[in-house]
Amino acid sequence: MLIWPIPLFILFFIKFHYEQSFKNMFFPIFFLILLTLDSLYYGVFMLLFSFIYECFFLLKKFNIKRNYILKLFGIFLIYLLILSPLFLGILSSIFSRKYVGNWDTDYWSADIFTLFIPGTLAKSKMLFENANWWQRIMTNSHVGAENQNFLGYTVLILSIIGFITEFKKRKNKNAKNFYLGFWLILACVGIVFSLGTQLKFLGYIFNVKLPYYYIYKIFPLVSVPGRFILLTIISLSILSAIGITNLSESLSKKAKYLFYSIIFLLIFLEFLAVPYPITTYKVSEFYYQLKNEKGDFAIYDLSHRDTSDYFRAAGFHMYYQTIHNKKITDGRISRNNLAALNYAENGPPTSDFKKLNIKYVICSKNSILCENFTNYPIIYDDEDIYVHRIF
């Protein structure tokens, strides 16, 4: 996923509010389209960011010019028009329910404590991982790489310092604390939405419906609410930067460099993910033989289908395809058309084998899924798989 367009979109979107130039109109559109095409989640998050920011801006600026309103409307109109084929397809899938990908939002809701303790990847988890409550939290909240809602102690402290010191500075100057309020609200929205549909605390699940439960009922798009924490991370990035600036403004040049280095080291150590977990799988020799076999043909891979669900098995088949480079009859993406999924999951009928040019059927040992292919000769057999040759 692309991360770098996020701060650039925010930069140019904020600049647009003070200078409605062509550049400040073009780049928000460009970066928002780029983010949406890369991940629909990022698109939704940036639209939510824009909505909250616009509310704050309109509350501050009572005398809004008509030209500004038209250009702001133009930014999002052009964005919607360019991506209209994508959005129409998404809306059609949502309302027709002809897709698979709506995850269990209760499960993918974050535990409150995941904001304050390292997740499963951070090296700093060693301080907590032997505790029963930490293991319970990791089990009952979203797992693996998704369970990285930890905001960091250094960042949290710097953000609090940044908010307080800047609030005092602006209060003394009789200035409205407009931006501080915005970043604070954005951080809170990210936290509340990331907690998802069901309250989780210290690994315990409570039958309490949270605000996002009702939002998801109306707009069932972001089915992994834990990812909303990105809005909080953006906000804390700004507030902690303010904190660093205010703390270091009275320091000498050398002292500033030392101070910045210490802050960097603290944040680096808190989020360090070493060693990063990598999974390796045993690959049958047959897939390497396929790689060297000439000809344009397909394979029907049924390995892992007896012991795994379709999505996991299809993942294996796509991994093996990176080795043999032949056509396969299945695969997986995050959002699947239901008709295509049913075809891939049930497999092509034998009457279609010739049309699809399927040369081999690969089966797991003792698989009941390959009973229809006993009339075809077995040309390979090892401890994990055996292979029928169709032609």
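These figures come from a predicted structure and were not determined experimentally.

A. View of the overall build of the protein chain. What the protein chain contains, in helices and strands, is 15 helices and nine strands. In terms of overall dimensions, the protein chain has C-alpha extents of about 85 × 55 × 45 Å along its principal axes. In the protein chain, which comprises 391 residues, the proportion classed as buried is 44%. Summarising the internal contacts of the protein chain: among those between residues at least 6 apart in sequence, 71% fall at separations of at least 24.

B. Looking closely at the state of the cysteines. This structure, assessed with the given rule, holds one disulfide. Each sulfur in the disulfide pair cysteine 363 and cysteine 370 lies 2.0 Å from the other. On the sign convention where negative means left-handed, the S-S torsion of about -105° between cysteine 363 and cysteine 370 marks this disulfide as left-handed. A disulfide-free cysteine, cysteine 55 has its sulfur positioned 15 Å from the sulfur of cysteine 188, the nearest such atom. Under the relative-accessibility criterion, cysteine 55 is labelled partly exposed at 33%.

C. Highlighting the packing of aromatic side chains. The tally for this structure, following the rule as stated, stands at 50 aromatic pairs. Ring geometry for phenylalanine 193 versus tyrosine 212: centroids 5.7 Å apart, planes at 50°, classification tilted. Within this pair, whereas phenylalanine 193 is found in helix H8 (residues 178–194), its partner tyrosine 212 is found in helix H9 (residues 211–218), the two being separated by 19 residues in sequence. The class of phenylalanine 193 is buried, set by a relative accessible area of 16%. Residue tyrosine 212 is classed as buried on the basis of its relative accessible area of 3%. Both rings, one in tyrosine 300 and one in phenylalanine 353, keep their centres 5.9 Å apart while their planes meet at 80°; by these two values the pair is edge-to-face.

D. Quick look at the pairing of strand E2 (residues 198–201). The two faces of E2 differ: Gln198 and Lys200 on one face are buried, but Leu199 and Phe201 on the other face are not. Turn length for the E2-strand E3 (residues 204–209) hairpin, with the two strands adjacent in sequence and antiparallel, is two residues, and the turn residue leucine 202 shows positive phi of about 55°.

E. Region of the structure containing the sheet that holds strand E4 (residues 298–301). Spatial ordering of the open sheet is given by E5-E4-E7-E9-E8, a layout of five strands whose pairing is mixed. At either end of the open sheet lies a strand with only one pairing partner, and these are strand E5 (327–328) and strand E8 (378–381). The sheet contact formed by strand E7 (residues 358–364) and strand E9 (residues 385–389) spans five bridges and is antiparallel. Pairing of isoleucine 362 across the sheet is with valine 387, part of E9. Running over the sheet, helix H12 (residues 285–292) touches E4, E7, E8 and E9 and is turned about 170° from E7.

F. Inspection of the nonpolar core at higher detail. Phe9, Ile10, Phe45, Met46, Phe49 and Trp183 are the most contacted members of the largest nonpolar core, which totals 55 residues. Once residues lying within four places of it in the same chain are set aside, the contact partners of isoleucine 10 are Met46, Phe49, Trp183 and Ile234.

G. Region of the structure containing the pairing of E9. E9 sits mainly inside the fold: four of its five residues count as buried. Pairing analysis gives three bridges linking E8 to E9, with the strands arranged antiparallel. Opposite tyrosine 380, over in E9, you have valine 387 as the bridge partner. Linking two consecutive strands that pair antiparallel, namely E8 and E9, is a turn of three residues.

H. Inspection of the environment of asparagine 67 at higher detail. The topology assignment puts asparagine 67 in helix H4 (residues 66–82). For asparagine 67, a relative accessible area of 43% puts it in the partly exposed group. In sequence terms asparagine 67 and aspartate 104 are 37 residues apart; their C-alpha atoms lie 44 Å from each other.

I. Geometry of the pattern of salt bridges. Applying the stated criterion across every chain yields a total of eight salt bridges. Where aspartate 384 meets lysine 282, a salt bridge forms, and the shortest distance between an N and an O atom there is 3.3 Å. Linking aspartate 384 in the loop between E8 and E9 with lysine 282 in the loop between helix H11 (253–271) and H12, this pair joins segments that are 102 residues apart in sequence. Judged by relative accessible area, which is 35%, aspartate 384 ranks as partly exposed. Between lysine 365 and aspartate 381 there is a salt bridge; the shortest N-O distance is 3.1 Å. With a gap of 16 residues between them, lysine 365 in the loop between E7 and E8 and aspartate 381 in strand E8 connect regions that are remote in the sequence. Through salt bridges with shared partners, one network takes in Glu166, Lys169 and Glu249.

Reading the values: rules and limits
Residues numbered from 1 in each chain as written. Predicted model: local features only at pLDDT ≥ 70, side-chain atom pairs only at ≥ 80, totals over all residues. Heavy atoms only, no water. Helix = DSSP H or I, 4+ residues; strand = E, 2+ residues; numbered from the N terminus. Buried < 20%, exposed > 50% of the residue type's maximum accessible area, 1.4 Å probe, protein only. Contact = heavy atoms within 4.5 Å. Disulfide = S-S within 2.5 Å. Phe/Tyr/Trp six-rings, centres within 6.5 Å; stacked < 30°, edge-to-face > 60°. Pairing = 2+ DSSP bridges. Axes fitted to C-alpha atoms, helices over the stretch in contact; angles between N-to-C directions. Core = buried A, V, L, I, M, F, W, Y, C linked by side-chain atoms within 4.5 Å. Salt bridge = Lys/Arg side-chain N within 4 Å of Asp/Glu carboxyl O.

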